[in-house]
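Chain and residue survey
Given next are the chains, with one letter for each unit.
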Amino acid sequence: MTKGLVLTCDPRFVSELKKELQLPKEPDELLVLAPGVLFVARETVGEAIFLRHQFSVQQVVALESTAFDLPRLAGAAELLLAAEKAGTRVAVQCRIMDRACPYQARDVKGALDGVLPLHGLWPETKHPSLVLSVLIAKQRAYLGVSSPSENLSRWNGGAAHYGKLSGALSRAEHKLEEAFEVFGIELAASAQVLDLGAAPGGWTSFLLKQGHYVTAVDTGELARELLTHPRLIYHRQNAWHIKPPAATFDLITCDMGREASGTVEVLLHLASSLKSGGALLMTVKFMGHEPLPLIRECRRKLEQRYRMRAGRHLWHNREEVTLYLVRHT
Ligand SMILES: C[S@@+](CC[C@H](N)C(=O)[O-])C[C@H]1O[C@@H](n2cnc3c(N)ncnc32)[C@H](O)[C@@H]1O
């Protein structure tokens with residue numbers, strides 16, 4: 001089994017991913033390489049909320065778990081990159097999920113980066129046009145070359161790197177930042193955003209930094225440093241009780257810590273406060289419910305007023321997923 005896909009999800013949600021993609025059960029078609037990492041002998045698998053990252057595998061190299069593996073991996077990479085156009089910017093992304101491996105991901109990356117100049121290719125970490133992915137697990141290396149968009153997320157395994165995390169405010173901020181990036185959300189700087197369940201204020205803080213005008217709503221308290229911001233209006237209120245004028249907002253963001261069914265009702269009620277074509281970015285919190293039936297039910301109800309664009313269990317999501325929808329009526 002050589003050609004296929006390496007799929008990555010949160011290890012807690014492997015069974016959800018398998019159900020969403022209707023993955024085969026036969027061991028010659030589906031291998032569990034590591035917690036949350038699967039190899040499937042298929043060329044494509046379609047879309048899935050619980051799929052964070054994928055890359056197509058063009059070569060599998062059996063390893064000896066000695067330093068001699070490195071030149072062999074470099075040789076395999078040379079074959080894979082031989083046909084690429086000189087000047088292409090390539091990111092080498094390596095993940096090692098094999099405890100017996102005597103070298104580290106940075107050693108493999110170093111060896112493979114060394115191959116790039118031989119073909120006139122440029123190493124590039126942040127904005128590559130091509131990714132050379134390597135996953136090492138169970139004494140094998142799975143290698144493949146693909147475009148960043150095919151991989152679904154920028155980093156091997158779907159990890160998101162947005163600088164140092166310190167405290168709940170910035171962790172929440174990164175969750176929204178990741179959602180904007182993954183769903184390709186672009187708003188004019190002057191956009192009006194309604195942020196529901198805003199406290200302590202990570203999402204509000206991110207939106208203000210983008211230059212947006214934010215109406216933040218929460219029964220709890222917003223971080224003090226945000227309160228004097230000139231583009232912020234803060235209602236310390238239950239989201240059920242606010243009455244914004246029709247067609248006011250370009251985006252509603254909603255991270256309310258409550259049962260998803262109640263959140264959906266509030267969002268149906270507030271849909272008319274969105275401008276035509278306005279969007280909704282929300283978390284669906286599992287709170288002990290089976291994730292897939294819960295997401296299906298939320299989606300079914302939301303589709304009365306919104307059209308689903310995408311959903312993802314983001315790197316920064318825990319017991320929840322993030323959905324992106326657009327108002328249709
Ligand atoms: C996970 S926190 C939100 C974190 C926030 N996104 C941030 O970036 O800091 C959930 C919030 O939802 C708020 N919440 C729950 N039910 C609410 C309701 N009915 N109306 C307004 N806020 C609500 C809670 O008070 C809590 O502050």
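In this report, the structure presented in the accompanying data block is examined. Note that the coordinates shown come from a computational prediction; the quantities given were computed from them, not determined experimentally.

The immediate surroundings of the ligand are formed by 18 residues, with Gly201, Trp203, Asp218, Ala239 and Asp255 found nearest. Between the ligand and threonine 219, the relevant distance is 3.4 Å, taken from an oxygen atom to a side-chain nitrogen or oxygen of the residue. One nitrogen or oxygen atom from the main chain of glycine 257 is found 3.1 Å from an oxygen atom belonging to the ligand. Relative to its free-state accessible area of 600 Å², the ligand is covered by the protein chains to the extent of 81%. Residue composition of the shell around the ligand, grouped by class: 7 nonpolar, 8 polar and 3 charged.

Next up on the list: the pattern of salt bridges. Applying the stated criterion across every chain, the model contains 17 salt bridges. Among the salt bridges present, the one from lysine 175 reaches glutamate 320, with a minimum N-O distance of 2.8 Å. Residue lysine 175 is located in helix α4 (residues 167-183), and its partner glutamate 320 is located in strand β16 (residues 320-327); the two are separated by 145 residues in the primary sequence. Between aspartate 250 and lysine 275 there is a salt bridge whose closest N-O contact spans 3.2 Å. Pair noted here: aspartate 250 is in strand β13 (residues 249-254) and lysine 275 is in strand β14 (residues 274-285), with a separation of 25 residues, a long-range link. Note on aspartate 250: relative accessible area 22%, which makes it partly exposed. Given the relative accessible area of 30%, lysine 275 is considered partly exposed. Beyond isolated ion pairs, a larger network of salt bridges with shared partners links Asp10, Arg12, Arg52 and Glu319.

Moving on to the nonpolar core. Counting 47 residues, the largest nonpolar core has Leu196, Met282 and Tyr306 as its most contacted members. Counting contributing residues, this core receives three or more from each of domain 1 (4-158) and domain 2 (167-327). Those residues in contact with leucine 196 that sit more than four places away from it in its chain are Val217, Ala239, Ile242, Ile252, Thr253, Cys254, Asp255, Met256, Leu267 and Leu270. Ala77, Leu121, Ala141 and Leu143 belong to the second largest nonpolar core, which has 26 residues in total.

On to helix α3 (residues 105-113). Every buried residue of α3 is accounted for by Val108, Leu112 and Asp113. End-on view of α3: buried residues confined to an arc of 130°, all on one side of the axis. Residues of α3 that are buried in the fold lie against α2 (69-81), β6 (89-96), β7 (122-123) and β8 (130-137).

Before going further, it helps to spend a moment on the side chain of asparagine 151. With respect to the secondary-structure elements, asparagine 151 resides in the loop between β9 (140-146) and α4. Each residue touching asparagine 151, except ones within four places of it in the same chain, is listed here: Arg52, His53, Gln54, Phe55, Val131, Ser133 and Ser146.

Further remarks concern the sheet that holds strand β15 (residues 306-312). Taken together, the 7 strands give an open sheet; going across it, the order is β12-β11-β10-β13-β14-β16-β15, and neighbouring strands pair in mixed fashion. The open sheet is flanked by β12 (232-235) and β15, the only strands paired with a single partner. Across the sheet, the axes of successive neighbouring strands diverge by a mean angle of 15°, strand direction being ignored. Pairing between β14 and β16: 7 bridges, direction antiparallel.

Once that is clear, we can look at the environment of glycine 197. Among the structural elements, glycine 197 can be located in the loop between β10 (192-196) and α5 (202-209). Separated by 56 residues in the primary sequence, glycine 197 and threonine 253 place their C-alpha atoms 8.6 Å from one another. Those residues in contact with glycine 197 that lie beyond four places of it in its chain are Val217, Asp218, Asp255 and Met256.

What counts, and at which threshold
- Residues numbered from 1 in each chain as written.
- Predicted model: local features only at pLDDT ≥ 70, side-chain atom pairs only at ≥ 80, totals over all residues.
- Heavy atoms only, no water.
- Near = heavy atom within 4 Å.
- Polar contact = N/O pair within 3.5 Å; in protein donor to acceptor, adjacent residues only side chain to side chain.
- Areas by Shrake-Rupley, 256 points an atom, 1.4 Å probe, with all protein chains shown as cover.
- Nonpolar A, V, L, I, M, F, W, Y, C, P; charged D, E, K, R; others polar.
- Salt bridge = Lys/Arg side-chain N within 4 Å of Asp/Glu carboxyl O.
- Helix = DSSP H or I, 4+ residues; strand = E, 2+ residues; numbered from the N terminus.
- Buried < 20%, exposed > 50% of the residue type's maximum accessible area, 1.4 Å probe, protein only.
- Core = buried A, V, L, I, M, F, W, Y, C linked by side-chain atoms within 4.5 Å.
- Domains from an automatic or database assignment.
- Contact = heavy atoms within 4.5 Å.
- Arc of directions from axis to C-beta.
- Pairing = 2+ DSSP bridges.
- Axes fitted to C-alpha atoms, helices over the stretch in contact; angles between N-to-C directions.

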